[in-house]
Amino acid sequence: MSMAAFFLFVSFYDLLVVFRNDLFGYELNFLYQVSCILWTPPGLTASQNMFFSLIVNICVQYDLLLIQLADLDELIRNKASDRIIRQKLRHIICRQQHLERFINGIERVFSNMAFVEVFFLTLQIVLMLFVMRSNFWPPGVLLLPVCILQLFVLCLPGTLIEMKADQLTATIYSIEWYEMSVSNKRMFQMLLQHSQHPLILTCAGLMTIDMKLFMSVVKKVYSLFMMLENM
């Protein structure tokens, strides 16, 4: 399917080259651009909305874990029986494992998509800066902030997940675990070990999706732009 789309694009490009000095070629290009306006935004919006809804789900699951940990701490302070505390610990560990599987699933599905978006957004920003440096291009004045904002929004969810993971680890450390029995302490140790190595979202396993990635891309955009400027 991708090859068919590629050959269709090449064939359409050939038509534009053949009729580049003709009104018919202009009309073809205009119709093609209108079609892109009609079908591209809905597709991008749908995938982005699905991604952000899953990110919100992750944050909600972290919040639920924090509530469960607060209940566990209250049980320990109230000197509840070991059986009740053990049941609560098992429930929290199961929820934590479910969250890890959920994040792994999102990573498998969206990792390559995130890499493609970051790569082409970076390339698009560099090319727009280069074009605007050579000649004033009014659409670029609008497109450049939009691309930067889109890159920022793409990197923001990873930072939110990291903040939630850090909050979970801090909450686990604050629990009075030393008041538990030896067997419950072993289970609590498992909970603590998993929280110390939280799962993250990446771009094809190469880069972590967070605000550090956003700043790194901004620096690379400047470097690439200066390289093109000096060519």
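Scroll up for the structure.
Right, let's walk through the structure included here.

Criteria and thresholds
- Here the residue numbering is sequential within each chain, running from 1 through the sequence in written order.
- The predicted nature of this model means local features are confined to residues of pLDDT at least 70 and side-chain atom pairs, given and counted, to a pLDDT of 80 or more, with totals for whole chains, interfaces and linings taken over all residues.
- With hydrogens and water excluded, all non-hydrogen atoms of the structure serve as input to the side-chain values.
- Runs of H or I in DSSP of at least four residues are treated as helices and runs of E of at least two as strands, each being numbered from the N terminus.
- Note on contacts: a residue pair qualifies if any of its non-hydrogen atoms lie within 4.5 Å across the two residues.
- Accessible surface is estimated by sampling points in the Shrake-Rupley manner with a 1.4 Å probe; for residues, cover comes only from the protein chains shown.
- Here a patch means residues that are over 30% exposed by relative accessible area and free of salt bridges, tied together within 9 Å if like-charged and within 5 Å if nonpolar (Val, Leu, Ile, Met, Phe, Trp, Tyr).
- One speaks of a salt bridge when a side-chain nitrogen belonging to Lys or Arg is within 4 Å of a carboxyl oxygen belonging to Asp or Glu.
- Throughout, exposure labels follow a simple rule: accessible area from a 1.4 Å probe, protein chains only, divided by the maximum for the residue type, with under 20% read as buried, over 50% as exposed, and the rest as partly exposed.
- Here a polar contact is taken to be a pair of N or O atoms separated by no more than 3.5 Å, where protein atoms must pair a possible hydrogen donor with a possible acceptor and residues adjacent in sequence count only if both atoms sit in side chains.
- Among buried residues, the Ala, Val, Leu, Ile, Met, Phe, Trp, Tyr and Cys ones that are joined through side-chain atoms within 4.5 Å form a nonpolar core.

1. Considering the overall build of the protein chain
A count of helices and strands for the protein chain gives six helices and two strands. Element order for the protein chain, N to C, with α for helix and β for strand: α-α-α-α-α-β-β-α. Within the protein chain, residue pairs in contact and separated by at least 24 positions form 73% of the contacts whose partners lie at least 6 positions apart. Element-wise, carbon and sulfur atoms account for 69% of the exposed surface of the protein chain, whose accessible area totals about 14700 Å².

2. Remarks on a nonpolar patch on the surface
A grouping of Phe115, Val116, Phe119, Phe120, Leu123, Leu127, Leu206 and Met207 is seen on the molecular surface, where their side chains present a nonpolar patch of about 730 Å² in accessible area. When residues in the nonpolar patch are grouped by element, the largest group, six residues, is from helix α3 (residues 82–134). Along the chain, Leu127 turns up in helix α3. Among the residues examined, Leu127 registers a relative accessible area of 44% and is labelled partly exposed.

3. A word on the pattern of salt bridges
Under the definition given, this model contains five salt bridges. Asp63 is the partner of Lys164 in a salt bridge, and the nearest nitrogen-oxygen pair spans 2.7 Å. In this pair, Lys164 is assigned in helix α4 (residues 138–174) and Asp63 in helix α2 (residues 23–77), connecting sequence segments 101 residues apart. Notably, a salt bridge pairs Glu179 with Lys79, separated by 3.5 Å at the nearest N-O pair. You can see Glu179 sitting in the loop between α4 and α5 (182–195) and its partner Lys79 sitting in the loop between α2 and α3, a full 100 residues away along the chain. Given a relative accessible area of 61%, Lys79 falls into the exposed group.

4. Re the side chain of Glu117
Looking at the element boundaries, Glu117 is found in helix α3. Those residues in contact with Glu117 that lie beyond four places of it in its chain are Gln48, Gln150 and Leu154.

5. What about the side chain of Ser181?
Within the fold, Ser181 resides in the loop between α4 and α5. Engagement of the side chain of Ser181 in a polar contact is seen with the side chain of Ser183, the distance being 3.4 Å.

6. Considerations on the nonpolar core
Counting residues in each nonpolar core, the largest one holds 46 residues, and the members touching the most others are Ile58, Tyr62, Leu69, Leu72, Leu89, Leu191 and Leu201. Of all the secondary structure elements, the ones that give two or more residues to this core are α2, α3, α4, α5 and α6 (211–229). Counting residues per element, this core draws most heavily on α3, at 14 residues. Ignoring any residue separated from it by four or fewer positions in sequence, one finds Ile58 in contact with Leu99, Phe102, Ile103, Ile106 and Ile161.

7. Some points on the environment of Ala204
In this fold, Ala204 is placed in the loop between β1 (202–203) and β2 (207–208). Owing to a relative accessible area of 30%, Ala204 belongs among the partly exposed residues under this scheme. Distance from Ala204 to Ser111, taken between C-alpha atoms, is 4.8 Å for residues 93 residues apart in sequence.

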